[in-house]
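Remarks on the overall topology
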Amino acid sequence: MSTSSDIEKEGRDNYYVQTVNMDSPPAPQPMMQPYQRTFGNPAPLGMLAYGTVFLCSSILTLGAGNVHTPNLVLVFATFYGGISQTLVGMWEMFLGNTFSATVFTTYGGFNLSYGALYLPSIGIATAYSVDGVPTEEFYHAIGIYLGIWCLITFVFALGAIRTTAPIVATLSFTVLALACLSANAFTGNAHLATAGGALGIVASFGAYYGALSLFWTQQTTYSFIRLPPLILAPSPV
């Protein structure tokens, strides 16, 4: 039979010795919050590059400032449009935007190939020249080249009907501009070249609008400066 001294001794022992209950569940491990990775939108960069190359090319086509030699556009087409749009296409593919990735990567290749037409080291212009003077065959070859790109752009324009008004306008005016420039290469009609240059400027401003509507955000500028994206069909059919 336990005495009062035994109870007191047991109490003292329990005070210094922690009693472990073997049936209790283990303490929960601290939960770590998952890292939320954020991605930027590469589309504004691609559209700015698209509009800039087309704007420079169209201004040269119109002969502004009495500049008619097209070599200046090589700087934009190669080092801005070609490289930037190709990278944007790869980033869009990573983000799962197949249509945007295809469009931007394609026009990245277009800009690089357009720049290669006038690079002496490539020798394309030399192959169609006699004594350093481009022949009629060269201009017809350029007409075929631009006609093919006109067809590709038309396919893209059909695929973009449900996106935004600036994108649809940009691709549509690009189709018209390339068609006029292609016809000018075959016929030599100066009016077609003028029309192609004017339509190209309209297309470039459409690309600028689309880029700025995504680039000017609440975090970067005031509300009265921002542009609405003008979405044509926000919900899928």
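Here the structure is a predicted model, which is why all the values come from computation and not from measurement.

1. Comments concerning the nonpolar core
In terms of nonpolar packing, the biggest core is built from 30 residues, with Tyr-50, Val-73, Tyr-107, Tyr-145, Leu-146 and Leu-171 touching the most fellow members. Contributing elements (two or more residues each) for this core: helix 2 (43–61), helix 3 (73–94), helix 4 (98–117), helix 6 (136–159), helix 7 (165–187) and helix 8 (190–215). For this core, the element with the most residues is helix 6, which contributes 8 residues. With residues near it in sequence (within four places) discarded, Leu-171 still touches Tyr-50, Tyr-107, Thr-153, Phe-156, Ala-157 and Ala-160. Of all hydrophobic cores here, the second largest spans 5 residues; its members include Ala-43, Val-88, Phe-104 and Ala-211.

2. So, helix 7
Look at helix 7: 33 Å from first C-alpha to last across 23 residues, which is about the 33 Å you get at 1.5 Å a residue. Where helix 7 terminates, the next one or two residues include Gly-188, which has phi positive at roughly 75 degrees.

3. A look at the layout of surface pockets
The volume enclosed by the largest pocket comes to roughly 810 Å³. Lining of the largest pocket is provided by 36 residues; of these, Thr-61, Pro-70, Tyr-114, Tyr-118 and Ile-142 occupy positions nearest its centre. When residues of the lining of the largest pocket are traced back to their parent elements, those giving at least two are helix 2, helix 3, helix 4, helix 5 (124–127), helix 6 and helix 7. For the lining of the largest pocket, the class distribution of residues is 24 nonpolar, 12 polar and no charged. Of the pockets and cavities examined, the second largest pocket occupies roughly 420 Å³. Around the second largest pocket, the lining comprises 23 residues; the ones closest to its centre are Ala-43, Met-47, Ser-100, Phe-104 and Ile-167.

4. Considerations on the packing of aromatic side chains
The final tally for this structure, using the stated rule, is 15 aromatic pairs. Where Tyr-107 meets Phe-110, the ring centres are 6.3 Å apart and the plane angle is 90 degrees; that geometry is what we call edge-to-face. One end of the pair, Tyr-107, and the other, Phe-110, are both in helix 4, 3 residues apart, so they sit about a helical turn from each other. Both residues of the pair, Tyr-107 and Phe-110, count as buried. Summarising the aromatic geometry, the rings of Phe-138 and Tyr-139 are spaced 5.5 Å apart at their centres and angled 75 degrees between planes, so their arrangement reads as edge-to-face.

5. Quick word on the environment of Phe-173
Topologically, Phe-173 is positioned in helix 7. Setting aside chain neighbours within four positions, we find Phe-173 in contact with Leu-199, Val-202 and Ala-203.

6. Brief notes about the environment of Asn-71
Counting through the fold element by element, Asn-71 comes out in the loop between helix 2 and helix 3. Given the relative accessible area of 37%, Asn-71 is considered partly exposed. Along the chain, Asn-71 and Leu-119 lie 48 residues apart, while their C-alpha atoms are 8.5 Å from each other.

7. A few points about the packing of helix 2 against helix 3
Where helix 2 contacts helix 3, the two axes come as close as 8 Å, and the packing angle between them is 155 degrees. Taken together, the axes of helix 2 and helix 3 are roughly antiparallel relative to one another. For the element pair helix 2 and helix 3, the recorded crossing hand is left-handed. Across the interface between the two elements, Ala-43, Leu-45, Gly-46, Leu-48, Ala-49, Tyr-50, Thr-52, Val-53, Cys-56, Ser-57 and Leu-60 of helix 2 pack against Val-73, Phe-76, Ala-77, Tyr-80, Gly-81, Ser-84, Gln-85, Val-88, Trp-91 and Glu-92 of helix 3.

Cut-offs used in this document
- Residues numbered from 1 in each chain as written.
- Predicted model: local features only at pLDDT ≥ 70, side-chain atom pairs only at ≥ 80, totals over all residues.
- Heavy atoms only, no water.
- Core = buried A, V, L, I, M, F, W, Y, C linked by side-chain atoms within 4.5 Å.
- Buried < 20%, exposed > 50% of the residue type's maximum accessible area, 1.4 Å probe, protein only.
- Helix = DSSP H or I, 4+ residues; strand = E, 2+ residues; numbered from the N terminus.
- Contact = heavy atoms within 4.5 Å.
- Expected span 1.5 Å × (residues − 1).
- 1 Å grid on protein atoms, 1.4 Å probe; cavity = no way out; pocket = protein on both sides within 12 Å on 5 of 7 lines; lining within 4 Å.
- Points joined across faces, edges and corners; volume = space filled by probe spheres on them.
- Nonpolar A, V, L, I, M, F, W, Y, C, P; charged D, E, K, R; others polar.
- Phe/Tyr/Trp six-rings, centres within 6.5 Å; stacked < 30°, edge-to-face > 60°.
- Axes fitted to C-alpha atoms, helices over the stretch in contact; angles between N-to-C directions.
- Parallel < 35°, antiparallel > 145°, perpendicular 65-115°, else oblique.
- Left-handed = near helix turned anticlockwise from the far one by under 90°.

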